[in-house]
Amino acid sequence: DLAFRFPNEVEPYTPRIYACLRDPSTKVRRHTLMVLTHLILNDMVKVKGQVCEIALCLRDTDQRMRDTARLLFHELSKRSNNPVYNLLPDIISQLSQTSVAKEDFRTILSFLLGYIKKERQNEMLIDKLCHRFPKCTSLSQTADITYCLTLLKVNEKSVKCMIDNFKLYKDALHDEEIRKHFAAIITKGKKLSKPELKQALEEWESKLDEQAQLGKENELAGQKAK
């Protein structure tokens, strides 16, 4: 009621409401998510920085919490501007910086990236993800982003984008997991029939292999120097 009548008064306390999603009591978490779902879907609370807290509910120990979180994202995805697309960069960034387990991160993103249906949104998201590589402070964060790339559709524009941004992730290619993710993207792309795309993929693959080998040699040299 307060959010409806006095939104500006309630707004500064929004983080405190979201904090209740981490309460040890299942009852408190359920009520909080139920209220937030109502407020968000009725445009009384804007989903901003705290959206990561709702995404984490997709892996809550309580089944009802998981179902409610799924329902919220499902309803948001049905809106014409697909807010899920706009929220994804923040969710990915925040989740990869928290101590969330790798399995939880991947389950959450597999679910959310399934809502990216439009080719244009798919392409723009790939570009945004590529530009997050320089902000990664660890190989595990880089691996998280490359995993997200494997979940998106591969087409000519998305492949071109990843090739053009090669310099943003080339230094991480010595990592086995990251290299495997890019290999999965290339395999997916090769299933498309266009010969010019296949040629670009083969050239990109050679470039990736070369850089991965160079990275491993540099890493080995660094270890020997130590």
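Residues numbered from 1 in each chain as written. Predicted model: local features only at pLDDT ≥ 70, side-chain atom pairs only at ≥ 80, totals over all residues. Heavy atoms only, no water.

J.: Just to check I follow, could you spell out the pattern of salt bridges for this structure?
T.: Where charged atoms from two side chains of opposite charge come close, those side chains can pair. A full pass over the atoms with the stated rule returns 13 salt bridges. Note that Glu-177 is salt-bridged to Arg-106, the shortest N-O span being 2.4 Å. Here Glu-177, found in helix H13 (residues 176-190), pairs with Arg-106, found in helix H8 (residues 102-113); they are 71 residues apart in sequence, far enough to count as distant. Here Glu-177 falls in the partly exposed class, since its relative accessible area comes to 24%. (Salt bridge = Lys/Arg side-chain N within 4 Å of Asp/Glu carboxyl O. Helix = DSSP H or I, 4+ residues; strand = E, 2+ residues; numbered from the N terminus. Buried < 20%, exposed > 50% of the residue type's maximum accessible area, 1.4 Å probe, protein only.)

J.: Quick question: what am I supposed to make of the packing of aromatic side chains here?
T.: Here a ring pair, both rings aromatic, is described through the centre-centre distance and the interplanar angle of the planes. Counted by the stated rule, this structure contains 5 aromatic pairs. Ring centres of Phe-166 and Tyr-169 lie 5.6 Å apart, and the angle between their planes is 75°; this geometry places the pair in the edge-to-face category. Taken together, the residues span about one helical turn, with Phe-166 and Tyr-169 both in helix H12 (residues 166-169) at a distance of 3 residues. Each member of the pair, Phe-166 together with Tyr-169, is buried. In textbook terms, an aromatic cluster arises when at least three aromatic residues are bridged by ring pairs, as seen for Phe-133, Phe-166, Tyr-169, Phe-182 and Trp-204. (Phe/Tyr/Trp six-rings, centres within 6.5 Å; stacked < 30°, edge-to-face > 60°.)

J.: Explain the state of the cysteines to me, please; I cannot follow it from the model alone.
T.: A covalent bond bridging the sulfur atoms of two cysteines is what the word disulfide describes. One pass over the full model with this rule turns up 0 disulfides. Between Cys-52, a free cysteine, and Cys-57, which holds the nearest cysteine sulfur, the sulfur-to-sulfur gap is 9.8 Å. On the basis of relative accessibility, which here comes to 5%, the residue Cys-52 falls in the buried class. Free of any disulfide, Cys-136 has its nearest neighbouring cysteine sulfur in Cys-148, separated by 10 Å. Cys-136 sits in the buried class, given a relative accessible area of 17%. (Disulfide = S-S within 2.5 Å.)

J.: Hey, could you run me through unusual backbone geometry in this one?
T.: Negative phi is the rule for most residues except glycine; trans is the rule for most peptide bonds. In this structure, Asp-43 takes a positive phi of about 55° despite not being glycine. Mapped onto the elements of the fold, Asp-43 is located in the loop between helix H4 (26-41) and helix H5 (51-56). Taking relative accessible area as the criterion, Asp-43 reaches 62% and is therefore assigned exposed.

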